[in-house]
Amino acid sequence: MTMNAPGLPARTEYRPVDATATLDGVTLTKDGLKHAFYSNLFYVQGKIPTLATRHDYYVALALTVRDQMLHRWISTAEAYTKHGSRTVAYFSAEFLMGPHLGNNVLNLGLEAVVRQAMTELGLDYDELLECEDEPGLGNGGLGRLAACFLDSLATLEIPTIGYGIRYEFGIFQQEITDGWQVEKTDKWLRFGNAWEIARPEWAVEVKLGGYTEHYSDEHERIRTRWVPQRTVVGVPYDTPILGYHVNTANTLRLWRAEATESFDFSTFNRGDYYGAVNLKVSSENLTKVLYPNDEAVQGKELRLEQQFFFVCCSLQDMLRILKTQGIPRERMHEKFTAQLNDTHPAIAIAELMRLLIDENAMDWDTSWAITRKTFAYTNHTLLPEALERWPLALFGRILPRHMEIIFEINARFLDEVRIRFFGDDHRVSSMSLIDESGERYVRMAHLACVGSHAINGVAALHSELLKSDVLKDFFAMWPEKFSNKTNGVTPRRWIALSNPGLTELVTEVIGDDWIRDLTNLRRLEAFAKDAPFVERWQKIKHANKAALAKAIRSRTGVSVDPNSMFDVQVKRIHEYKRQHLNILHVIALYHRLRSDASYDMQPRTFIFGGKAAPGYYIAKLIIKLITSVGDIINKDPAVKGRIKVVYWPNFSVKTGQHIYPAADLSEQISTAGKEASGTGNMKFCMNGALTIGTQDGANIEICQEVGLENFFMFGLSAPEVYALKAQGYHPTQFYDSNPELHQVIDLIKDGFFSRGDTQIFKPLIDGLLGWDPYLVLADYQSYADCQRRVNQAYTEGAHWAEMSILNVARSDSFSSDRTIREYADETWKVPRVPIRLLSENDLTFGVQMPG
């Protein structure tokens, strides 16, 4: 059937499957799939069933599915090359893709065939899905957003290459030992990666360190040459990214660092066996680990080198593609639009200038025009400490030529500022690319603003705060550059794959068009009061909770009741996200129950999860407090069956697929004005959880869409936060005037949750009572009052289910498809390119593979 989205061109023909699948004009039966499965097991892995492990079976299935993807991938590459299609180059230091197998099977429409074939082979498809090692190539929301965007870009048939780093070790594996976070190495590549293909023929060289020198070229022009201290090689590894029920398969290209020479025979022959491989080791360290601890100078150097490495590789790759497609370098901005996903890739602006001026002999003005027309910048943070700055000495030591280029960009830019804001020396200082206050720094966000033609925030409030606060001077100079692009998440992974029960019910009543056009979910509103539908909705939620309860028992040893309310906060641990506000309220509930056995409260299970940065002690202490409170509450018979606390270790995309569908209440309680957007809030909403949240990030827009009556809003607004801080915030006033809050904090201070140790949580409590930068105590009472409303609402089961249904029905604005349409239409100006699958004749006579 032909699938159309309102107001959009017809999609290419695609047939979903039941017992068979029609792929590329060929019917794929379960017997054909079984044959391909065994072929991959025998001829690729060299295993027979009696020797194969479950992981071997997973790899065989992954390779079988990848084989089905390759026709689309080759056809897509051929079309982009033939037509020179305008292409999005998405630059991101993180791509938190999640497991590939289930998502690819879903997008191909193969699930029924795969599940049936595996069953007949005596294998459990769901168990095979669990075998996949998740590539932990991201820290949290930033990398997961990039992954959602790639899914939507392919589904919307927009030519795209995602550029990033192939970290050998991803975000650490989190274990909880004696209540503390312990970091373990993420060895996601220990069994290889079935989804990627290495492209060593497209490797490039990357210079680091050294010095620059001037010389005259053959035309007597003064030129600059970068003489590096060392050179590494970047090797691309490509992964196909399928769209949902279309023929498009875009490319995620991740770069791995290698040595120019892996083994030094002369050094080896002198008996220096370690020295013989030293270059290999030092070069490969560049892409060894995601986000090294940058507290030490060496960590800062490595992080800057990582960022430069991947943008240098990617820009050289883009220039290679121009050459392959016969497009002049002067038209680079017509072929490519490059999106900078936060400040990590901002050095790309200086690097493109270097490549055009130094390597391609272009003049400054032409190069600068191309550069500014090529790049667009997404800002993801309002936290000043998260706006990257690099000490000048460090920057110049690693990237001496780029330091010169940035100085020149800055000099020319500040001339513009002086003319635009005549006599305003303060503005000149505040807008400079170089921070001159104290130790001198390169301001990467400023470089991104100056070198990009478009700048956007990721939620309405966030974008307004960028314009009024964080980047206000740049907005005053270039208001036309600024726009908002509220984040979104893909409904394919976060509903269709994660919540099959809900997917089946929704599809039964409104059809399956909603999976590719989420606006169709609005039709669910008609069922919000339909008793039989509501009952089935509640049963699906309960089944999801029962499955999660079983997993919690297996993972943590804690037994929880699926009939209790599942109150969930899973996200990166940070003070501004205020997991400590949540646990203070948990302690308050415990205190109420112990003080009054008749206290009326719906049974509730509090589920926490998330990782703290290895060097962030207070965040780790918050985890310790949560687990310590859980240890006491969970073994207290006086509150048995009424309250439980669970800390889910090593929260990830894979575990999120189990947690989001099971949540009743979503905790989105960051300090107003601190969260740029958030995307976990959207995933919970799409799966029918109600939100308790502040007026922060995308919470505001979720509340507007679902209705205030279906959202639990509390706390100070961003203007109220600023006003309170401006007048002088004294957290002890809230502690002294609120008896319950006083009791809760005293329980912690007095060692009730730490076996009498009054020192362990002292840094956390001292911070709350001394300065409380994120206004936990100021918002506590509003939060506690709002939680009482939550408790009352949960007693009315049918009404709670109605609110849940309306949350899902009105979540369409938070699809990443909507976000990508806005980028494509307003920022990138990139049209769709429907893909025609190559015929057998086309394949027989060969196709040139492009970049």
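Please refer to the structure placed before this passage.
Predicted model, so just to flag it, every value in this text is computed and none were measured.

Draft legend 1. Just the pattern of salt bridges, in detail. Enumeration over the complete set of coordinates arrives at 57 salt bridges. Of the charged contacts, one joins E111 and R115 as a salt bridge, the two residues approaching to 3.0 Å between their closest N and O atoms. Taken together, the residues span about one helical turn, with E111 and R115 both in helix α4 (residues 111-120) at a distance of four residues. With relative accessibility at 31%, the residue E111 sits in the partly exposed group. E213 is the partner of R225 in a salt bridge, and the nearest nitrogen-oxygen pair spans 2.7 Å. With a gap of twelve residues between them, R225 in strand β10 (residues 222-227) and E213 in strand β9 (residues 211-216) connect regions that are remote in the sequence.

Draft legend 2. Quick peek at the nonpolar core. With 113 residues, the main nonpolar core has F91, F395 and I406 as its most contacted residues. For this core, the leading source of residues is helix α9 (residues 297-324), giving 13 residues. Beyond its immediate stretch of four places on either side in the chain, F91 contacts Y163, F310, V311, S314, L315, M318, A338, Q339, L340, N341, P345 and A348. V721, Y735, L775 and W800 belong to the second largest nonpolar core, which has 67 residues in total.

Draft legend 3. Structural detail: the sheet that holds strand β20 (residues 565-570). The strand order across the open sheet built from six strands is β22-β21-β20-β23-β24-β25, with neighbouring strands paired in parallel fashion. Pairing within the sheet leaves two strands with one partner each, and these edge strands are β22 (643-648) and β25 (712-713). Sheet topology places β20 next to strand β23 (residues 665-668); two bridges connect them, and they run parallel. The residue of β23 that forms the bridge with V568 is S666. Running at roughly 140 degrees to β22, helix α23 (residues 617-634) makes contact with β21 (604-609) and β22 of the sheet.

Draft legend 4. Looking closely at the layout of surface pockets. Considered as a void within the structure, the second largest pocket measures approximately 540 Å³ in volume. In terms of lining, the second largest pocket is formed by 21 residues, of which the most central are P384, L387, H446, D469 and V470. Put simply, the parts of the chain that give the lining of the second largest pocket at least two residues each are α16 (444-450), α17 (460-470) and α18 (472-477). When grouped by side-chain class, the residues that make up the lining of the second largest pocket number ten nonpolar, three polar and eight charged.

Draft legend 5. Geometry of the packing of aromatic side chains. By the definition in use, this model includes 29 aromatic pairs. Each ring, one from F91 and one from F375, has its centre 6.3 Å from the other, and the planes form 85 degrees; the classification is edge-to-face. Of the two residues, F91 is situated in strand β3 (residues 87-91) and F375 in strand β14 (residues 375-378); the sequence distance between them amounts to 284 residues. Overall, F91 belongs to the buried group, its relative accessible area being 0%. Taking the relative accessible area as the measure of exposure, F375 reaches 0% and is therefore buried. Ring centres of F149 and Y823 lie 5.8 Å apart, and the angle between their planes is 70 degrees; this geometry places the pair in the edge-to-face category. Note that F149 is positioned in helix α6 (residues 141-155) and Y823 in helix α33 (residues 816-828), a separation of 674 residues in sequence. Here F149 and Y823 have matching classes, each one buried. Through successive ring pairs, a cluster of aromatic residues spans F37, Y38, F42, Y43 and Y57. Just above the ring of F421 sits the side chain of R427; from NZ or CZ to the centre is 4.0 Å.

Rules and cut-offs
Residues numbered from 1 in each chain as written. Predicted model: local features only at pLDDT ≥ 70, side-chain atom pairs only at ≥ 80, totals over all residues. Heavy atoms only, no water. Salt bridge = Lys/Arg side-chain N within 4 Å of Asp/Glu carboxyl O. Helix = DSSP H or I, 4+ residues; strand = E, 2+ residues; numbered from the N terminus. Buried < 20%, exposed > 50% of the residue type's maximum accessible area, 1.4 Å probe, protein only. Core = buried A, V, L, I, M, F, W, Y, C linked by side-chain atoms within 4.5 Å. Contact = heavy atoms within 4.5 Å. Pairing = 2+ DSSP bridges. Axes fitted to C-alpha atoms, helices over the stretch in contact; angles between N-to-C directions. 1 Å grid on protein atoms, 1.4 Å probe; cavity = no way out; pocket = protein on both sides within 12 Å on 5 of 7 lines; lining within 4 Å. Points joined across faces, edges and corners; volume = space filled by probe spheres on them. Nonpolar A, V, L, I, M, F, W, Y, C, P; charged D, E, K, R; others polar. Phe/Tyr/Trp six-rings, centres within 6.5 Å; stacked < 30°, edge-to-face > 60°. Lys NZ or Arg CZ within 6 Å of the ring centre and 35° of its normal.

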